[in-house]
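Below, each chain spelled out in residue letters.
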Amino acid sequence: NLVADRFYILSQDKAALKEYLETDANRTLKDMLKVEILDDYTDAWEEKVGQTQLRLDARTIVTVTILILCLVMLYLFQRSRVQERIGMVAVYRLLGIPGRKLATIFCMESFLIFLRTTLPAAVFVWGVLGVLSLIRAIEVPLYLTWKAAAIGGGGILLLHMLVSVLPLYRLLRLPPARLAAKFDF
């Protein structure tokens, strides 16, 4: 023991060993032994958790930013589509077609756009992730259940319909004569 100047002790019960070395062993060998307790595993673990949390926070910020940009772009797209059809909306309103019927028409059109664009993309991503999850060489498990794909697609469909109806309701608040005058302008 007097030959070495440093000893490393590995223990299953770190708390009990720390307590023993800080109290009992220090009293016995007070002037011969300097106890320094290092817990490298806990320090490394805390560092790894911090780095993982930082990456997760960065991914969350990027995802939310992209989602907000997509929502704004979708809203502007739908708004421009309604503005292009302001003449059709004005004529239908002058003919006495109620606003909820026009909202139904725009919702059905959004549903057809969803069937043409988002649904095939969701099915494609679900299929690709299903095939990639079968490859054993990929160490990261990739799972996207059909329920998650259906919930995501349904959420996008509801959002798409909501965004398509919001600009329409702004126009439907106007009386038919003012809507026609706005179209002539």
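Every value quoted in this text rests on a predicted model; they were computed, and no experiment measured them.

1. What about the side chain of Ser-110?
At step 1: Tracing the sequence through the fold places Ser-110 in helix H5 (residues 99–116).
At step 2: Among residues more than four places away in sequence, those in contact with Ser-110 are Gln-78, Arg-81, His-160, Met-161 and Ser-164.

2. Considering the environment of Ser-110
At step 1: You can call Ser-110 buried: its relative accessible area is 0%.
At step 2: Separated by 32 residues in sequence, Ser-110 and Gln-78 have C-alpha atoms that sit 9.1 Å apart.
At step 3: Separated by 2.8 Å, the side chains of Ser-110 and Ser-164 make a polar contact.

3. Focus: a nonpolar patch on the surface
At step 1: Among the surface-exposed residues, Val-64, Ile-68, Val-72, Tyr-75, Leu-76, Leu-159, Leu-162 and Leu-166 lie close enough to one another that they form a single nonpolar patch of about 660 Å² accessible area.
At step 2: Only helix H3 (40–84) and helix H7 (146–172) provide two or more residues apiece to the nonpolar patch.
At step 3: Ranked by residue count, the leading element in the nonpolar patch is H3, at 5 residues.
At step 4: Inspection of the secondary structure puts Val-72 in helix H3.

4. Notes on the nonpolar core
At step 1: In terms of nonpolar packing, the biggest core is built from 13 residues, with Val-89, Leu-168 and Leu-179 touching the most fellow members.
At step 2: Broken down by element, the residue count for this core peaks at 4 residues, all from H7.
At step 3: Filtering out sequence-adjacent residues up to four positions away, Val-89 remains in contact with Leu-102, Phe-106, Leu-168, Leu-172 and Leu-179.

5. What about the side chain of Ser-164?
At step 1: Checked against the element boundaries, Ser-164 lands in helix H7.
At step 2: Given a relative accessible area of 0%, Ser-164 falls into the buried group.
At step 3: Side-chain polar atoms of Ser-164 contact the backbone oxygen of Met-161, separated by 2.8 Å.
At step 4: When sequence neighbours within four positions are dropped, the list of residues in contact with Ser-164 reads Gln-78, Arg-81, Val-82, Phe-106, Cys-107 and Ser-110.

6. What to know about the confidence of the model for the protein chain
At step 1: Taken residue by residue, the protein chain gives an average pLDDT of 79. The fraction at 70 or more is 86%.
At step 2: For the protein chain, the element scoring lowest by mean pLDDT is helix H2 (residues 24–28), at 63; H5 scores highest, at 87.

Cut-offs and rules
Residues numbered from 1 in each chain as written. Predicted model: local features only at pLDDT ≥ 70, side-chain atom pairs only at ≥ 80, totals over all residues. Heavy atoms only, no water. Helix = DSSP H or I, 4+ residues; strand = E, 2+ residues; numbered from the N terminus. Contact = heavy atoms within 4.5 Å. Buried < 20%, exposed > 50% of the residue type's maximum accessible area, 1.4 Å probe, protein only. Polar contact = N/O pair within 3.5 Å; in protein donor to acceptor, adjacent residues only side chain to side chain. Patch = residues over 30% accessible without salt bridge, like charges linked within 9 Å, V, L, I, M, F, W, Y side chains within 5 Å. Areas by Shrake-Rupley, 256 points an atom, 1.4 Å probe, with all protein chains shown as cover. Salt bridge = Lys/Arg side-chain N within 4 Å of Asp/Glu carboxyl O. Core = buried A, V, L, I, M, F, W, Y, C linked by side-chain atoms within 4.5 Å. pLDDT = per-residue confidence, 0-100.

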